[in-house]
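Listed below, chain by chain, are the residues.
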Amino acid sequence: MSIHQPVPSELQRNYLKDYLESLSLVERLHRLLLDVIKDEFERLGVLEINAVQALLLFNIADNEVTAGELRSRGYYQGSNVSYNLKKLVDMGFMHHQRCEIDRRSVRVRLTDKGRDVHRVVADLFQRHSDLLKSDLKVGEDRIEEFNASLGQIERFWSDQIRYIY
């Protein structure tokens, strides 16, 4: 008894190639984003914080959150977020306080020092946004289309995790 697998069509092979290229680009873009943030802090002479931690402070902004909330938003992995939150508290970028209701849970918020880091990243992203918007290749319509496509892939992947068949 032999099992025959269907031979992929040229269209399927091309789509797979494009999908794999997209996956590679997403990975490279994330690493490059971290390099861009790291470079900005090096240029400013701020060496005590790494790019992942700076991005974490940017994403927290004016909110008071728990590590679990950051994980559930999909920004960070479990041990990664816990480690970095502890480091940021130890370095004075964040305040932490035990929750009154669930004493196991700790809520964190930015200190003035953490808000300074947030501002640096926000200013960097604003400059990039202004430059990209003026670029005809990556203007407003293109970035909206790009975001919509990435959102569809995010929903697809989320569905794959939730509804394993």
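Position numbers for residues count from 1 along each chain, tracking the sequence in the order it is written. With the structure being a predicted model, the display of local features is reserved for residues of pLDDT at least 70 and the display and counting of side-chain atom pairs for 80 or more, all residues being used for whole-chain, interface and lining totals. Hydrogens are left out, water is left out, and the side-chain values use all remaining heavy atoms of the structure.

Some words on the packing of aromatic side chains
Two aromatic rings, taken as a pair, are described by how far apart their centres are and by the angle between their planes.
Here is step 1: Pairing of aromatic rings covers Phe, Tyr and Trp, the last counted by its six-membered ring, and requires centre-to-centre distances within 6.5 Å; plane angles under 30 degrees mean stacked, over 60 mean edge-to-face, and any other angle means tilted. In total, this model carries one aromatic pair according to the counting rule given.
Here is step 2: Pairing Phe58 with Phe125 gives two aromatic rings, centres 5.0 Å apart and planes at 85 degrees, and the pair type is edge-to-face. Pair noted here: Phe58 is in helix α2 (residues 51-60) and Phe125 is in helix α5 (residues 112-134), with a separation of 67 residues, a long-range link.
Here is step 3: With a relative accessible area of 23%, Phe58 lands in the partly exposed category. A run of H or I in DSSP becomes a helix once it reaches four residues, and a run of E becomes a strand once it reaches two; helices and strands are each numbered from the N terminus. Residue burial is assigned from relative accessible area. The probe radius is 1.4 Å, only protein chains are included, and a residue is buried under 20% of its type maximum, exposed over 50%, and partly exposed in between.

Quick look at the confidence of the model for the chain
Here is step 1: A residue's pLDDT is the predictor's confidence in that residue, given on a scale from 0 to 100. Confidence along the chain averages 87 in pLDDT terms, with 89% of residues attaining 70 or more.
Here is step 2: The element-level mean pLDDT for the chain is lowest in helix α3 (residues 67-72), coming to 79, with α5 highest at 95.

What to know about the pairing of strand β3 (residues 106-110)
Here is step 1: Where strand β1 (residues 65-66) and β3 come together, two bridges link them in antiparallel fashion. Directly across from Val65, in β3, lies its bridge partner Val108.
Here is step 2: Pairing between strands is defined by DSSP: at least two bridges between the two strands are required. Pairing geometry for strand β2 (residues 94-98) and β3, over five bridges, is antiparallel. The partner of Gln97 across the bridge, within β3, is Arg107.

Re the sheet that holds β3
Here is step 1: Strand order in the open sheet made by the three strands is β1-β3-β2, with antiparallel pairing throughout. Looking at strand neighbours, the two that pair on one side only are β1 and β2, the edges of this open sheet.

Observations regarding the pattern of salt bridges
Here is step 1: Salt bridge, as used here: a side-chain nitrogen of Lys or Arg that lies within 4 Å of a carboxyl oxygen of Asp or Glu. Going through the model one piece at a time under the given rule, you end up with 10 salt bridges.
Here is step 2: Across the pair Asp39 and Arg43 runs a salt bridge, and its minimum N-O distance is 2.7 Å. A residue pair is termed a helical-turn pair when its members lie 3 or 4 positions apart in one helix, as Asp39 and Arg43 do in helix α1 (residues 10-43) at four residues.
Here is step 3: Overall, Arg43 belongs to the exposed group, its relative accessible area being 57%.
Here is step 4: Among the salt bridges present, the one from Glu40 reaches Arg43, with a minimum N-O distance of 2.9 Å. Here Glu40 pairs with Arg43, and both are found in helix α1, just three residues apart, close to one helical turn.

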